[in-house]
Amino acid sequence: MFKNIFGYFSNDLSIDLGTANTLIYSRGHGIVLDEPSVVAIREDSGRGGRMVEAVGMEAKNMLGRTPGNITAIRPLKDGVIADFTVTEKMLQHFIRKAHGKRYFSPSPRVLICVPYGSTQVERRAIRESAEGAGARKVHLIPEPMAAAIGAGMPVHEARGSMVLDIGGGTSEVAVISLNGIVYAASVRIGGDRFDEAITNYVRRNYGILIGEATAERIKHEIGSAFPGQEVREASVKGRNLSEGVPRSFTLNSNEILEALQEPLQGIVGAVKEALEQTPPELGADVAERGIVLTGGGAMLRDLDKLLMEETGLPVVIADDPLTCVARGGGRVIELIDEHGPAVFGLE
Amino acid sequence: MSDGESRNSGKSSKDRDDDGPLAGQRLAHARRANDISIAEIAKELHLDEPKVQALEENQFEILGAPVFAKGHLRKYAELVNVPIEDVLADYYKINRAAGAPPVVDPRRRHPMPMQMQTSMAPWIAVVLVLLFAAAAAYWWFSRDVVPTVDNSPGSVQPFVAEETVEEAEIQLSQPTDTADTQVMSVPSTSSDAADSNTSEAVQNDTTDLTVDEGQVRIDMVFSGDCWVEVTDRDGRRLFYGQGRQGQTISRVGSVPLRALFGDRNNVSVTANGVDVPLVAESGRGNVSRVTISAP
């Protein structure tokens, strides 16, 4: 009962609960939170349990730099919950932070964007985790639908619109028409796999071990999905596996392009598969208008060029691709009252 | 493409003439300066040539939703080395009202029951809070208050009148059981009619009661109507009903006897022949409760 009463004093939230980052869109306020989905846990034997040491950016800065009794973990893996309790705590922290200082615990209505390929068990875990974090009502929406709405695609039209959302843990490709998903597929390839591929490449070719954060920095600085005229370089520090001491070396964008081939081909394969499975009328619409890229992965240099070359279709990157899913969810939660959850196929 | 955007696109040609080359025109100038053909641009963008021409003429509605037009403008700008920010600024200048397309078909917009529920919800919450407050207030004012008792040494009180908090917990629903209690000939009942008969039947019949050890006899003489409830040590109800004017009702029961009088001014009470003072409960009018704790 108190949840319902407090709910009228809470803002409706749309949450992009991503593997890498969690974004929260507050109704009437826009994006109010953008933090890494990382939680630092302290093992406190004195008090007999685990305690949350830090959440978000503060916890991310601890990744790979923690002492024995603190563990910085990502509670989501491949877009779904890997640690229920920690996810609940993280959501609780983010929801409170999104609401600012209040005299009571917020109890908002929440819309969470979930991977299209997540199972019922995984969706249930996300729903219950949000409820445990204080949400009074939880709606779930497939990420590609939210991404398409957030990108400003004409999802209500009787024409096919193809969206490719590349997140931290998964990439989702979908063909949408008349507010519904005609075809969608989810592959467990995303920004994290790019980082992993870079780490493996450096270890294999240089015999040097680099951390997660370093791999991510390399990706941002010189990562590329298509060979370009300009070759960029980055200086990297890591631990030499044979000598056991830190070493500095230089990587260039062509090497990263080579490192990323495997995950990139996985994404290209998913897009091609989607085009094959799309009904011909909708496929023609997609061919005419093009594919829209959203998600943090869309910011990988020349990924649109790669997809254009591989598919022969126009490919464009949405405005502010990182926040498309959260913004799309926000637009949906604003329209739920007017049209009901059934219009968007919400759960 | 929204209607608003279409209208803006229609107006844009005049604005362009006034403000110089904007967006697509700026790109076309750059393309010509770089000696690049439309066909080459179309090949790079994977678009048909007419669409590239439409882009150069700022006819963005041909390309579909704004997300497509802006995406192609970005790529085109990159190809001809024009600052992307300038081209997008031009785009927004031309399409001031251009926003994202509607999420739901405008023809589907109609009130849904959900809307009514949501708008009513705050009022329901307010009503619930008020009801809760009213219930709390009722509980506060209706709770039993411990009356004060005159325990001064000068007062003659052979039977201690103890009003305790426990007295507030009188069980009105306790079944009548007269088997172990010496009562007058008519048993107590809960109905008014029966009470009335009982009261009349026991009037002035006070002679056959025997008082054993641990028991006390209570005599109630009514000068007016008064509601009475008398229970013994075990909570058995000895009398439960209305005493009428002129009646005398007597009961015998194990101590402590607990008695409730609705109007203390209309009854005088003795216990084993000794007067029992009836003290009014504070805040309850003439209601009085007494406990006769010793024979």
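Computed from a predicted model, the values in this text were never measured in an experiment.

### Comments concerning the overall build of chain A
And step 1. A count of helices and strands for chain A gives twelve helices and 18 strands.
And step 2. Residue pairs in contact within chain A that sit at least 24 positions apart in sequence constitute 63% of those at least 6 positions apart.

### Some thoughts on the environment of Ala 225 of chain A
Residue and element names in this part refer to chain A.
And step 1. Position of Ala 225 among the secondary structure elements: in the loop between α7 (212-222) and β15 (233-240).
And step 2. Note on Ala 225: relative accessible area 2%, which makes it buried.
And step 3. For Ala 225, the residues in contact, after removing those within four places along its chain, are Leu 257, Leu 264, Leu 300, Arg 301, Asp 302, Leu 303 and Leu 306.

### Some remarks on the sheet that holds strand β16 (residues 246-252) of chain A
And step 1. The strand order across the open sheet formed by three strands is β14-β15-β16 (chain A), and the pairing between neighbours is antiparallel. With one partner strand each, in any of the chains shown, β14 (208-209) and β16 of chain A form the two edges of the open sheet.

### Considering the pairing of strand β8 (residues 288-292) of chain B
Residue and element names in this part refer to chain B.
And step 1. Burial analysis of β8 places five of its five residues in the buried class, which makes it a mostly covered element.
And step 2. The alternating pattern of β8 places Ser 288, Val 290 and Ile 292 and Arg 289 and Thr 291 on opposite faces, both of which are buried.
And step 3. Note: strand β5 (residues 257-261) against β8, five bridges, orientation antiparallel. Bridge pairing in β8 places Phe 261 opposite Ser 288.

### Structural notes on helix α3 (residues 38-45) of chain B
And step 1. Every buried residue of α3 of chain B is accounted for by Ile 38, Ile 41, Ala 42 and Leu 45 of chain B. Considered in projection along α3 of chain B, the buried side chains sweep an arc of 100 degrees and stay on one side of the axis.
And step 2. Contacts made by the buried residues of α3 of chain B are with α11 (303-311) of chain A together with α2 (24-33), α4 (49-56) and α5 (66-79) of chain B.
And step 3. Within two residues after α3 of chain B, His 46 of chain B carries a phi angle of roughly 60 degrees, on the positive side.

### Section: the pattern of salt bridges
And step 1. A complete count under the given rule lists 29 salt bridges over all chains for this structure.
And step 2. In this structure, Glu 221 of chain A and Arg 217 of chain A form a salt bridge, with 3.2 Å as the shortest nitrogen-oxygen distance. Taken together, the residues span about one helical turn, with Glu 221 of chain A and Arg 217 of chain A both in helix α7 at a distance of four residues.
And step 3. Here Arg 217 of chain A falls in the partly exposed class, since its relative accessible area comes to 32%.
And step 4. Where Asp 219 of chain B meets Arg 217 of chain B, a salt bridge forms, and the shortest distance between an N and an O atom there is 2.9 Å. Each of the two residues, Asp 219 of chain B as well as Arg 217 of chain B, counts as buried.
And step 5. Taken together, the salt bridges that share partners define one network made up of Arg 159, Asp 285 and Glu 288 of chain A together with Lys 51 of chain B.

### Considerations on the sheet that holds β5 of chain B
All names here are of chain B.
And step 1. Here we have four strands laid out as an open sheet, ordered β3-β2-β5-β8, and antiparallel in their pairing. Of all strands in the sheet, those with a lone pairing partner are β3 (237-243) and β8, marking the two edges. Each strand of the sheet is rotated relative to its neighbour by a mean of 10 degrees, with strand direction disregarded.
And step 2. As judged from the six bridges shared by strand β2 (residues 226-231) and β3, these two strands associate in the antiparallel manner. Paired with Val 228 across the two strands is Gly 241, which belongs to β3.

### Some thoughts on the packing of α3 of chain B against α4 of chain B
Residue and element names in this part refer to chain B.
And step 1. The interhelical angle for the contact between α3 and α4, taken along N-to-C directions, is 105 degrees, at an axis separation of 9 Å. One way to sum up the angle between α3 and α4 is to call them roughly perpendicular. On α4, the residues that touch Ile 38, Ala 39, Ile 41, Ala 42 and Leu 45 of α3 are Glu 49, Val 52, Gln 53, Leu 55 and Glu 56.
And step 2. Grouping the amino acids of the contact of α3 with α4 by side-chain chemistry returns seven nonpolar, one polar and two charged.

### Considerations on a negative patch on the surface
And step 1. The grouping of Glu 309 of chain A together with Asp 35, Glu 40 and Glu 44 of chain B at the surface amounts to a negative patch.
And step 2. Mapped onto the elements, Glu 309 of chain A comes out in helix α11.

### Concerning the side chain of Thr 294 of chain A
And step 1. Residue placement: Thr 294 of chain A occurs in strand β17 (residues 291-294).
And step 2. Given the relative accessible area of 0%, Thr 294 of chain A is considered buried.

### Observations concerning the confidence of the model for chain B
When pLDDT is low, close inspection of the predicted coordinates is not appropriate.
Residues and elements named next belong to chain B.
And step 1. In this model, chain B carries an average pLDDT of 71, and 61% of its residues clear a pLDDT of 70 or more.
And step 2. Within the model, pLDDT remains below 50 along residues 109-118, and this stretch shows 13 contacts once partners closer than five positions in the same chain are excluded.
And step 3. Residue range residues 146-202 is modelled with pLDDT below 50. Its contacts to residues more than four positions away, or to other chains, number 101 contacts.

### Things to note about a nonpolar patch on the surface
And step 1. A contiguous nonpolar surface patch, about 450 Å² in accessible area, is contributed by Met 120, Ile 124, Val 127, Leu 128 and Leu 131 of chain B.
And step 2. Judged by its relative accessible area of 47%, Val 127 of chain B is partly exposed.

### Remarks on the packing of aromatic side chains
Each aromatic ring pair is summarised here by two numbers: the centre-to-centre distance and the angle between the ring planes.
Residues and elements named next belong to chain B.
And step 1. Scanning all chains against the criterion turns up five aromatic pairs over all chains.
And step 2. Look at Trp 139 and Trp 140: their rings are 6.3 Å apart centre to centre, the planes differ by 55 degrees, and that puts the pair in the tilted class.
And step 3. The exposed category is assigned to Trp 139, whose relative accessible area is 55%.
And step 4. For Trp 140, a relative accessible area of 46% gives the class partly exposed.

### What about helix α6 (residues 84-94) of chain B?
And step 1. Among the residues of α6 of chain B, those classed as buried are Val 87, Leu 88, Asp 90, Tyr 91 and Ile 94 of chain B. Down the axis of α6 of chain B, the buried side of the element spans an arc of 155 degrees, and every buried residue falls inside it.

### A short note on the packing of helix α6 (residues 191-206) of chain A against helix α9 (residues 261-277) of chain A
In a packed pair of helices, the relevant descriptors are the angle between the two axes and the axis-to-axis distance.
All names here are of chain A.
And step 1. In contact at an axis separation of 8 Å, α6 and α9 are set at 150 degrees when each is read in the N-to-C sense. Taken as axis vectors, α6 and α9 run roughly antiparallel relative to one another. Of the residues in α9, those in contact with Arg 193, Phe 194 and Ala 197 of α6 are Glu 262, Pro 263, Leu 264 and Ile 267.

### Regarding the environment of Leu 17 of chain A
Residue and element names in this part refer to chain A.
And step 1. Structurally, Leu 17 is set in strand β1 (residues 13-17).
And step 2. For Leu 17, a relative accessible area of 2% corresponds to the buried category.
And step 3. Along the backbone, Leu 17 and Gly 79 are 62 residues apart, and their C-alpha atoms lie at a distance of 7.6 Å.
And step 4. Among all residues touching Leu 17, those that are not within four sequence positions of it are Thr 22, Leu 76, Thr 87, Met 90, Leu 91, Ile 112, Cys 113, Ile 126 and Glu 143.

### Considering the nonpolar core
Residue and element names in this part refer to chain A.
And step 1. Residues Leu 164, Ile 210, Leu 251 and Leu 303 are the most contacted members of the largest nonpolar core, which totals 44 residues.
And step 2. Every residue in contact with Leu 251, bar those within four places of it in the chain, is listed here: Tyr 201, Val 202, Tyr 206, Ile 218, Ile 222, Arg 232, Glu 233, Ala 234, Val 236 and Ile 256.
And step 3. Of all hydrophobic cores here, the second largest spans 27 residues; its members include Ile 149, Met 153, Val 292 and Val 325.

### A look at the side chain of Arg 289 of chain A
And step 1. Mapped onto the elements, Arg 289 of chain A comes out in helix α10 (residues 280-289).
And step 2. A polar contact is formed between the side chain of Arg 289 of chain A and the side chain of Glu 157 of chain A, at a distance of 2.9 Å.
And step 3. Arg 289 of chain A has contacts with Pro 154, Glu 157, Arg 159, Ser 161 and Pro 314 of chain A together with Phe 68 and His 72 of chain B, leaving out every residue within four places of it along the chain.

Calculation criteria
- Residues numbered from 1 in each chain as written.
- Chains lettered and ligands numbered in written order.
- Predicted model: local features only at pLDDT ≥ 70, side-chain atom pairs only at ≥ 80, totals over all residues.
- Heavy atoms only, no water.
- Helix = DSSP H or I, 4+ residues; strand = E, 2+ residues; numbered from the N terminus.
- Contact = heavy atoms within 4.5 Å.
- Buried < 20%, exposed > 50% of the residue type's maximum accessible area, 1.4 Å probe, protein only.
- Pairing = 2+ DSSP bridges.
- Arc of directions from axis to C-beta.
- Salt bridge = Lys/Arg side-chain N within 4 Å of Asp/Glu carboxyl O.
- Axes fitted to C-alpha atoms, helices over the stretch in contact; angles between N-to-C directions.
- Parallel < 35°, antiparallel > 145°, perpendicular 65-115°, else oblique.
- Nonpolar A, V, L, I, M, F, W, Y, C, P; charged D, E, K, R; others polar.
- Patch = residues over 30% accessible without salt bridge, like charges linked within 9 Å, V, L, I, M, F, W, Y side chains within 5 Å.
- Areas by Shrake-Rupley, 256 points an atom, 1.4 Å probe, with all protein chains shown as cover.
- Lys, Arg positive; Asp, Glu negative; His and termini not counted.
- Charge placed at Lys NZ, Arg CZ, Asp CG, Glu CD.
- pLDDT = per-residue confidence, 0-100.
- Phe/Tyr/Trp six-rings, centres within 6.5 Å; stacked < 30°, edge-to-face > 60°.
- Core = buried A, V, L, I, M, F, W, Y, C linked by side-chain atoms within 4.5 Å.
- Polar contact = N/O pair within 3.5 Å; in protein donor to acceptor, adjacent residues only side chain to side chain.

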